[in-house]
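Chain by chain, the residues run as shown.
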Amino acid sequence: MSSFLRILLLGAAITAGTMAVGWWALPVTTFAWGLVASRTRRPVFVATLAAILGWGVLLAWDASGESFRLVASGMGNVLKINGPAFIELVLLYPALVGFASSGAAHALMRED
Amino acid sequence: MRIGPLIGFSLVTGGLLWIGARGAAPLPALGPLLDPANGVLAMSRTTELPRTWSGQVPGLSAPATVTYDDRGVPHVKAATIEDAYRAVGFVVARDRLFQMELQFRASAGRLAELSPRALPLDTLARTIGLPWGAERRFAALPKDSPAMRALEAYADGVNAYVAQMPKAALPVEYRLLGRTPMRWEAKHAFYFLARMNQTLSFALPELNVLKAQLLVGREAAEALYAPVASIQEPIQPNGQKAPRFDLPPMPDPGAPDPGAMGETKVVAMALSAFGAMAEGDETRRQASNNWAISARRTRDGHAILAGDPHLDLSLPSIWYEVQLTVPGRLDTYGFTFAGTPGVVLGFNRDVAWSATNTGADVVDFYRETVDDAKHPTKYQVDGQWRPIETHAETYRGPRDVVLLEDTLRFTHRGPLRKLGAQWVSMRWTALDTTHAAASLSSFQAADTAKSVAMLMETTADYPGPAQNFVMADREGNIGIRSTGLYPIRPAEGSGLVVRDGSTSASDWTGYWAPKDYPQSVNPPQGYLASANQQPIDPKGGSRYLGADWPPPWRAIRINQRLRADSAWTPAAVARMQVDSASARADFLVPYFLDAAARLRAAGRETPQIARAAKLLAEWRRAYVPSDKRAILFEFSMERLNQLLWDELERPDSQAALRPRRPTGLALARLLQQPNSKWWDDRHTPALETRDDILARALALGLEDVQKAFGKDSSSDDWRWGHASPIRLNHLLAIPAFSVDSVQARSGPETIAPRSAGGTHSASERLIVELGPTVRAWTTYPGGQSGNPFSVLYRDRIWKWANGAVDSVIFGDVPAARVRSTLTLTAGAK
């Protein structure tokens, strides 16, 4: 299976998991990915991009809402950053979690 | 296994998960916040009302429809009155859920569960008995009463909304605090009412009298916070065609009686423990206007009613606008509180009503004799020991952490506190169970009243906080009554003394009968008005109702304008609601200018005084945003108060014993006494007179303005709107959700009002014309939605600031103005 396809599938799983059980689905899914895919090519890279994709899809759904700009800029102001930076944070956080949790699992499974 | 990378990745993962789950101050938990499926950005999909939607509410006897108009006002149509309240609970919860919970917590003393910084507010709320009183009042409500049915129906609606609320619609405040909504209970409305009582009726004139007594003696202290207002423009018409200025000489500041010093000090400090919140004199700041014009004084021959309650402004507003229709039984429109069912201020097809705060003295204190100075279990009355009711109180913080444990004690009078060696109990009408149901049912009955006479009858038992209810009906009648429980004290005494609690002879003997309340119906003058002034002219021999009345500057201006016109229209009334001309300035400015002129004649005028007087003389005495002289007057008044009341200063270490500055009524009296000892500035060796102090205040005021806004008096920085904007703070004071630079036509003690900090002004405006077809206009600063991301969160602010009001839809909403339609059907509990 190509990395691209793996990213798509894992991203879909993250999207579905987040919708079903909330944000904890992200670390759980990417950690699980790190365990089961430790022998595949670049599992941490795949998990990182899949995490961005998985939440990015949901973000695009949010962006279809009529208040998206107001919410993003409002929350940016609350956190003393701007609206675009808040959106970037929504993508940066899953990237970091996906990277770190899959990396931990991968390191656990790796045999040297 | 690769140990090094495993440890590194695990640490990073752990850190990220910690921040995701618990947050890192000041950041909230980032996981649920950033989650795009159900987190804060998901609110984008739920913030605005859908075109059509549906919900289920247990107990509905038939489907109810809610049509939101383009201003976001829900028009509820239901089969029964209880169904209407279920629907209101549902829609108010959608728009104001967090506000409802916060208001409950403020009264219950449970704010610290959200933030430990709120602990002092919690201890005060519980100390003055807010939750104790709310529980007692709720328990006194008959289970099958209309008020109880209304509360339960409303709670059903609120909880039904919360149960069906999409995760994405959770209000942002809960997300930032990491909380979920609490279950709403019927009794929570009584907590809200207790909090309103604290805001509106927790006035402690005796506290200021005692504190001043420590500094200037009893006689001077009583004169500073007198039970008689020296300028009279009463609510109950006195037949005069102009305000009356009775300005008797003020006694000079005296020396405190050393013998009384000890006891007075102890009691004053004990009262301070009860009245910490009253230090800023919150109750005295709560001002409002209302008036009614009879049919014969209006252009079109229909009575007109106007009201604008002045409260601390917040986002969202304390008010929520709604129409309730139950065919054949109820058709009412107006303002409701988020958390209580029914329209509180508004109108129906026949009558309209509004209210201002009466400010009566309904709190008294008693020195108690207890069996044990440290841990009393009994207190003595008429030689008999009575048990003290004790409550173990636990104050919790976030995550259930125990912040404080305390024991609260209560006598039959109310909360009991100790400071120093003295135990003092407090009695307050807000904690009594008398007419408890009427605090809600009065408004329910008003919603269906048919005439002024019926309104008078249905609100007669209303217990408080005492309000000056003004009313008008379609027959052209008008009426006003200052309604609420007013204590009858022993020997018709005043509330300015602390009584001996060891005898039942000190207790209240009852409450005034409603026939004795200040009131008037269809007076010959053809109009009625109130603006928190002393309700009855004391020349008529009125009983003690309160003390430390605010000066009636707004009342003077309102009456002046109402007298001057006999062809009123709703548009003219709307303009009058934002009148910023100042009767206060009309009275005070000449004293400043005359003082400067006399110093000039005596050759003692400095260039700074001359400059300040010239600038002040240019002022047109109105607080419009573009005016560049009002700020000089206000800064000079602040300096005047500092210089004049130096006798009431205390060292910072005794700040709790510093009395509040007397109102303008005491100042008005002193202005008639140019050589009173009050004018002398104790910080200087010279003996100052009135003119010296006025001129000095003017010069210092100019200096202050120049320091703050530059020396160029033609600069835009001197504009009133720039120098003194209105501020609307979010409930959690989050700057991003607050609006802090609203330029509005409004000034201190003008009809269009504002406080010094700009956080207090007209919380809503209502105008009703009671013709064959009732027409009404409303606005308030804020918007219907409590969601800071909604277009309905702050959409009304700018129109409100400009003095504009919206014509309301009273009846079916035209298709072109329908924003959303909600259908509610019966659901399971």
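Everything numeric in this text was worked out from a predicted model, so none of it was measured.

1. Structural notes on the overall build of chain B
- Helix and strand content of chain B: 23 helices and 33 strands.
- Compactness check: chain B gives a C-alpha radius of gyration of 28 Å against a globular reference of 28 Å for 829 residues, within 12% of the reference.
- Counting only C-alpha atoms, chain B reaches 90 × 70 × 65 Å along its principal axes.
- Expressed as a percentage of its 829 residues, the buried residues of chain B come to 56%.
- Sequence separation of at least 24 residues holds for 73% of the intrachain contacts in chain B that already meet a minimum separation of 6.

2. Some details on the overall build of chain A
- Helix and strand counts for chain A come out as five helices and zero strands.
- A principal-axis box enclosing the C-alpha atoms of chain A has dimensions of 50 × 25 × 25 Å.
- The 112 residues of chain A split such that 52% are buried.
- Within chain A, counting contacts between residues at least 6 apart in sequence, those at least 24 apart form 73% of the total.

3. Observations concerning the interface of chain A and chain B
- Facing the 33 residues of chain A at the interface are 32 residues of chain B.
- Mapped onto the side of chain A that touches chain B, the elements with two or more residues apiece are α1 (3-21), α3 (43-63), α4 (68-78) and α5 (83-109) of chain A.
- Grouping the constituent residues of the side of chain A that touches chain B by class yields 21 nonpolar, eight polar and four charged.

4. Points about the environment of S714 of chain B
- With respect to the helices, strands and loops of the structure, S714 of chain B is situated in the loop between α21 (690-709) and α22 (720-723).
- Along the primary structure S714 of chain B and R629 of chain B are separated by 85 residues, whereas in three dimensions their C-alpha atoms are 9.4 Å apart.

5. A word on the nonpolar core
- Within the largest apolar cluster, 229 residues are counted, with the highest numbers of intra-cluster contacts made by A292, M471, A472 and L698 of chain B.
- Looking at this core element by element, the count peaks at 15 residues for helix α3 (residues 81-108) of chain B.
- Contacts of A292 of chain B, omitting those with residues within four sequence positions, involve A303, L305, V470, M471, A472, I478, Y527 and L528 of chain B.
- With 50 residues, the next largest nonpolar core counts L26, V44, A51 and I52 of chain A among its residues.

6. Concerning the environment of G664 of chain B
Residues and elements named next belong to chain B.
- One can find G664 in helix α20 (residues 664-670).
- Separated by 114 residues in sequence, G664 and P550 place their C-alpha atoms 7.3 Å apart.
- Excluding anything up to four places from it in sequence, G664 contacts P551 and R584.

7. Quick look at unusual backbone geometry
Residue and element names in this part refer to chain B.
- Of the consecutive residues L315 and P316, the connecting peptide bond is found in the cis state with omega at -5°.
- Positive phi, close to 55°, is recorded for D382, a residue that is not glycine.
- Even without being a glycine, N532 presents a positive backbone phi close to 70°.
- Considering the arrangement of structural elements, one finds N532 in the loop between β26 (527-530) and α15 (553-563).
- For N532, a count of 23 C-beta atoms within 10 Å gives the class buried.

8. Digging into the environment of P249 of chain B
Residues and elements named next belong to chain B.
- Examined against the element boundaries, P249 turns out to sit in the loop between β5 (244-245) and α11 (258-274).
- What makes P249 exposed here is the crowd of 11 C-beta atoms within 10 Å.
- Sequence separation between P249 and G178 is 71 residues; the distance between their C-alpha atoms is 59 Å.

9. Regarding the sheet that holds strand β2 (residues 64-69) of chain B
All names here are of chain B.
- Across the sheet, which stays open at both edges, the 11 strands sit in the order β1-β33-β2-β3-β9-β10-β11-β12-β20-β21-β25 with mixed pairing between neighbours. Taken across any chain shown, the strands that pair with only one partner, and hence form the sheet edges, are β1 (52-58) and β25 (519-521). Mean inter-strand twist for the sheet, computed between neighbouring axes without regard to direction, equals 20°.
- Its contacts with the sheet place α3 against β1, β2, β3 (74-77), β9 (319-326), β10 (330-337) and β33 (818-827), and it is angled at close to 155° to β9.
- Contacts from helix α6 (residues 146-164) reach β1 and β33, with the element oriented near 125° to β1.

10. As for the sheet that holds strand β28 (residues 739-742) of chain B
All names here are of chain B.
- Pairing within the open sheet is mixed, and its three strands lie in the order β8-β27-β28. Every other strand in the sheet has two partners, leaving β8 (314-315) and β28 as the edge strands with one partner each.
- As paired strands, β8 and strand β27 (residues 726-730) are joined by two bridges and run parallel to one another. Counterpart to L315 in the pairing with β27 is H730.

11. Here's the deal with the packing of helix α19 (residues 630-644) of chain B against α21 of chain B
Residue and element names in this part refer to chain B.
- For the pair α19 and α21, interaxial distance at closest approach is 7 Å and the crossing angle is 130°. Classified by the angle between their axes, α19 and α21 sit oblique to one another. Our pair here, α19 against α21, has a crossing hand that is right-handed. From α19, I631, L632, F635, S636, R639, L640, L643 and L644 reach across to α21, where they touch I693, L694, R696, A697, L698, L700, G701, L702, D704 and V705.
- Looking at the contact of α19 with α21, its residues break down into 13 nonpolar, two polar and three charged.

12. Some words on the packing of helix α17 (residues 583-601) of chain B against helix α18 (residues 607-617) of chain B
Residue and element names in this part refer to chain B.
- Direction vectors running N to C along α17 and α18 enclose 145°, while the axes themselves pass 10 Å from each other. The element α17 and its partner α18 pack so that their crossing is left-handed. Residues V589, F592, L593, A596, L599 and R600 of α17 lie in contact with α18, whose contacting residues are I609, A610, A613, L616 and A617.
- Classifying every residue of the contact of α17 with α18 gives 10 nonpolar, no polar and one charged.

13. Examining the confidence of the model for chain A
- Overall, the predicted model of chain A reaches an average pLDDT of 92, with 98% of residues at or above 70.
- Mean pLDDT across the elements of chain A bottoms out in α5 of chain A (93) and peaks in α3 of chain A (96).

14. A few points about helix α9 (residues 205-216) of chain B
All names here are of chain B.
- A rise of 1.5 Å per residue sets the reference length of α9, with its 12 residues, at 16 Å; its end C-alpha atoms lie 16 Å apart and thus fit the reference within 8%.
- In terms of burial, α9 is largely enclosed, as 11 of its 12 residues are buried.
- Taken as a whole, α9 has its buried residues at P205, E206, L207, N208, V209, L210, K211, A212, Q213, L214 and V216.
- Remark: G217 follows α9 within two positions and exhibits a positive phi of approximately 90°.

15. Details of the pairing of β9 of chain B
All names here are of chain B.
- Counting buried residues in β9 gives eight out of eight residues, a clear majority hidden from the surface.
- Where β3 and β9 come together, three bridges link them in parallel fashion. Residue K77 lies in a different strand from β9, and its bridge partner there is T325.
- Bridge count between β9 and β10: eight bridges; the pairing is antiparallel. Residue W319 lies in a different strand from β10, and its bridge partner there is F337.

Calculation rules
Here the residue numbers are simple positions, counted from 1 along each chain's written sequence. All chains are assigned letters beginning at A, and all ligands numbers beginning at 1, according to the order in which they are written. Reporting in this predicted model follows two pLDDT cut-offs: at least 70 for local features of residues, and 80 or more for side-chain atom pairs to be given and counted; totals over whole chains, interfaces and linings ignore these cut-offs and use all residues. Only runs of H or I of at least four residues qualify as helices and only runs of E of at least two qualify as strands under DSSP, and these elements are numbered from the N terminus. Radius of gyration: C-alpha atoms only; globule rule: 2.2 Å multiplied by the number of residues to the exponent 0.38. Partly exposed residues are those whose C-beta has more than 12 but fewer than 20 other C-beta atoms within 10 Å; 20 or more makes a residue buried and 12 or fewer makes it exposed, with C-beta atoms placed from the backbone. Each residue gets a C-beta atom placed from its backbone, and two residues are in contact if those atoms lie within 7 Å. Ten residues, namely Ala, Val, Leu, Ile, Met, Phe, Trp, Tyr, Cys and Pro, are considered nonpolar, four, namely Asp, Glu, Lys and Arg, are considered charged, and the remaining ones, Gly among them, are considered polar. By convention in this section, buried Ala, Val, Leu, Ile, Met, Phe, Trp, Tyr and Cys residues joined through C-beta atoms within 7 Å make up a nonpolar core. Note on pairing: two strands pair once DSSP finds at least 2 bridges between them. Orientation is described by axes fitted as lines to C-alpha atoms, over the contacting stretch for helices, and by angles from 0 to 180 degrees between their N-to-C directions. Note on angle classes: values under 35 degrees are labelled roughly parallel, values over 145 roughly antiparallel, values of 65 to 115 roughly perpendicular, and the remainder oblique. Each crossing gets its handedness from the near helix: less than a right angle anticlockwise from the far helix is left-handed, clockwise is right-handed. For every residue, the predictor reports its confidence as pLDDT, a number between 0 and 100. Here the expected length of a helix is defined as 1.5 Å per residue gap, with one fewer gap than residues.

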